[in-house]
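Spelled out, the chains give:
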Amino acid sequence: WQAAGRELQELATSGKRLTHAALQRMHAADLKGAAAHLQEVAALRPIREVMGEALWLDPGRRLKLCEGNQVAWFIESHLCCLSLMSFFERGVLSPEVPESCRIGIDDRDDEWYLLGILDAVRELERYAVNRGQALDLDSIRLCLEAVQCLQQALQQFDFRNSELRRRFD
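Residues numbered from 1 in each chain as written. Predicted model: local features only at pLDDT ≥ 70, side-chain atom pairs only at ≥ 80, totals over all residues. Heavy atoms only, no water.

A. Structural context of the environment of Ala134. With respect to the helices and strands, Ala134 occurs in the loop between α7 (106–133) and α8 (137–154). Separated by 28 residues in the primary sequence, Ala134 and Asp106 have C-alpha atoms spaced 42 Å apart. (Helix = DSSP H or I, 4+ residues; strand = E, 2+ residues; numbered from the N terminus.)

If you want it as structure tokens, here you go:
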């Protein structure tokens, strides 16, 4: 249990470092550099493999290990990067979720996906501010339209009093 936790923390820390580097590249308009970092993230050992089959097969322990060892934090970061990259490449802020970002617990997978999207919206707002400094009005308009569209869609959700509610507000 403890060994799996340590390995998951190492995986999450490495993944978070790479996703942070990818975000920096995207903000610098270096999509090739960002893609290279995201490929490194994709090459990391799968969560299931790091955890081990015995722990993976117990959903309660799987969730505790993921939540207690920064895996959720890493997955949200990864999904944020994938969302932002998707927006820059295809104009779509909601990409398909790779299997590596799923832990097989639907409520958590969905919540982490939405948290990643919300983080991407914040990064898109940051990008728009940077484009404003360059007086790039077309990019600002495009970013604003995407953010407003997503916010309208997210208003349809009942977030309860969860982390999703706090981040959305």
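B. Fine view of α8. With 18 residues, α8 extends 26 Å from end C-alpha to end C-alpha; this agrees with the ideal 26 Å at 1.5 Å per step. Residues Ser139, Cys143, Ala146, Val147, Leu150 and Leu154 constitute the buried set of α8. Considered in projection along α8, the buried side chains sweep an arc of 95 degrees and stay on one side of the axis. For α8, the exposed residues set more than 90 degrees away from the buried face come down to Leu137, Asp138, Glu145, Cys149 and Gln152. (Expected span 1.5 Å × (residues − 1). Buried < 20%, exposed > 50% of the residue type's maximum accessible area, 1.4 Å probe, protein only. Arc of directions from axis to C-beta.)

C. The state of the cysteines, seen in detail. What the rule picks out here adds up to zero disulfides. Not part of a disulfide, Cys81 finds its nearest cysteine sulfur in Cys80, a span of 5.4 Å. A relative accessible area of 0% means that Cys81 is categorised as buried. In this structure Cys149 is a free cysteine whose sulfur lies 13 Å from that of Cys143, the closest cysteine sulfur available. (Disulfide = S-S within 2.5 Å.)

D. Quick look at the packing of α7 against α8. Direction vectors running N to C along α7 and α8 enclose 155 degrees, while the axes themselves pass 9 Å from each other. Comparing the axis directions of α7 and α8 gives the class roughly antiparallel. Here α7 and α8 pass one another in a crossing that is left-handed. Residues Leu114, Ile117, Leu118, Val121, Leu124, Glu125, Tyr127, Ala128, Arg131 and Gly132 of α7 pack against Ser139, Ile140, Cys143, Ala146, Val147, Leu150, Gln151 and Leu154 of α8. Looking at the contact of α7 with α8, its residues break down into 13 nonpolar, three polar and two charged. (Axes fitted to C-alpha atoms, helices over the stretch in contact; angles between N-to-C directions. Parallel < 35°, antiparallel > 145°, perpendicular 65-115°, else oblique. Left-handed = near helix turned anticlockwise from the far one by under 90°. Contact = heavy atoms within 4.5 Å. Nonpolar A, V, L, I, M, F, W, Y, C, P; charged D, E, K, R; others polar.)

E. Broad picture of the nonpolar core. Formed by 45 residues in total, the largest nonpolar core has its most connected members in Leu8, Met26, Ile47, Met51, Ile75, Ile103 and Leu124. Among the elements of the structure, α1 (2–27), α2 (31–42), α3 (47–51), α4 (53–56), α5 (59–68), α6 (71–90), α7 and α8 are those that each provide at least two residues to this core. The biggest single contributor to this core is α7, with eleven residues. Excluding anything up to four places from it in sequence, Met51 contacts Ala4, Leu8, Trp56, Arg62, Leu65 and Cys66. (Core = buried A, V, L, I, M, F, W, Y, C linked by side-chain atoms within 4.5 Å.)

F. View of unusual backbone geometry. Look at Ala29: it is not a glycine, yet its phi comes out positive at around 65 degrees. Inspection of the secondary structure assignment puts Ala29 in the loop between α1 and α2. Under the relative-accessibility criterion, Ala29 is labelled exposed at 62%. Non-glycine residue Gln70 carries a positive phi angle of around 70 degrees. Mapped onto the elements, Gln70 comes out in the loop between α5 and α6. Residue Gln70 is classed as partly exposed on the basis of its relative accessible area, which comes to 35%.

G. Representation of the environment of Ala128 in the model. Take Ala128: it is sitting in helix α7. Ala128 sits 14 residues away from Leu142 along the chain, and the two C-alpha atoms are 8.8 Å apart.

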